[in-house]
Amino acid sequence: MADLQIHQVTGTIGARISGIDIAKPLDDDTVAAVRAALNEHKALVFDDVDLDDEGQQAFARQFGDLTTAHPTVSAVDDAPNVLPVDSERGRANHWHTDVTFVLNPPQASTLRSITIPPYGGETLIANAAAAYRDLPEPLRALADTLWAEHTNDYDYAVPDEQIDEEQAAQRSQFTSIKYRTAHPVVRVHPLTGERGLFIGGFAQRIVGLSVGESRKILDLLQAYVTRPENILRWRWSPNQLVLFDNRITQHYAIDNYDGLPRRLHRVTVAGDVPVGIEGKESYSIAGDASHYTPVAA
């Protein structure tokens, strides 16, 4: 195994990984060590990576089959598994877990820096397992019983009256296939057995409650996810790659760079169907995502 070194970034989430060259194929022991570090730290940062789109896909593929770029949004030209996270295509400055509106969201996401603004543009990543552990016992007991409907068909970023024609077209594309999926509010991680709050921006309604009632409960639980103690605030540098566990984190791209160019490339690893604490799997209500992702075993 390569001389992998792990440097913890905060007490709750995040580690920098050194001693390996992720531009080259990793042996099985090294892949297992990276996976173990991801299980523990939830988000891993690799500095000074020498990767192009093909190399990023090759690295991510060592952790499982890849999804296509997105269920509805177009990929990078000639790279159907690569999503451009580009400020010119919109700013996803809201807390979310990637693509939770489908039955089996990605298990892991990789982001690689392409164009970085001279200031701002950080990515926040939150540990949803720490958030669950932080819940007072009565709230934890309530959360354990809840299911939430996740959908891409809602006003998730900007009110209608504030968007221009280009933004309206982007929103139309994002919702061109409408998805609705019910997931457990408390998800059991398939590798570690940890429980984490599985909510975020696409969670719009608690099953059995009104939208108004749901919003109050979701906001209350979300406040534990976004406690500063549970967050890694990552300031990007050139040639970095961040790998994070999409099953037990949320993230937020901060729009604090005055409209300057910012571009990352995202490649995601296909995930399993979420399972709640009673062993019940998520279920699809609307929308077929089979063109987007296989289901991981």
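Residues numbered from 1 in each chain as written. Predicted model: local features only at pLDDT ≥ 70, side-chain atom pairs only at ≥ 80, totals over all residues. Heavy atoms only, no water.

By the naming in an unreviewed UniProt entry, the chain is Taurine dioxygenase, taken from Streptomyces albiflavescens. Regarding the chain, the relevant UniProt record gives this comment under Cofactor (unreviewed entry): "Fe(2+)". Listed in UniProt under the heading Sequence similarities (unreviewed entry), the comment for the chain reads: "Belongs to the TfdA dioxygenase family." (UniProt positions renumbered as here; feature names shortened; annotations may be inferred.)

### Notes on the environment of Thr72
Within the secondary structure layout, Thr72 lies in the loop between helix H2 (53–61) and strand E4 (83–86). Along the backbone, Thr72 and Asp3 are 69 residues apart, and their C-alpha atoms lie at a distance of 40 Å. (Helix = DSSP H or I, 4+ residues; strand = E, 2+ residues; numbered from the N terminus.)

### Details of the pairing of strand E2 (residues 15–18)
Across the two faces of E2 the burial differs, with Ala15 and Ile17 buried and Arg16 and Ser18 not buried at all. Judged from the four bridges that link them, strand E1 (residues 5–8) and E2 form a sheet pairing that is antiparallel. Counted as the bridge partner of Gln8 is Ala15 from E2. Hairpin connection, E1 to E2: the antiparallel pair is bridged by six residues, and Gly14 has positive phi, about 100°. Judged from the three bridges that link them, E2 and strand E3 (residues 43–46) form a sheet pairing that is parallel. Pairing of Ala15 across the sheet is with Leu44, part of E3. Of the crossover connections in this fold, the one passing from E2 over helix H1 (residues 28–41) to the parallel E3 is right-handed. (Buried < 20%, exposed > 50% of the residue type's maximum accessible area, 1.4 Å probe, protein only. Pairing = 2+ DSSP bridges. Right-handed = clockwise from strand over helix to strand, strands pointing away.)

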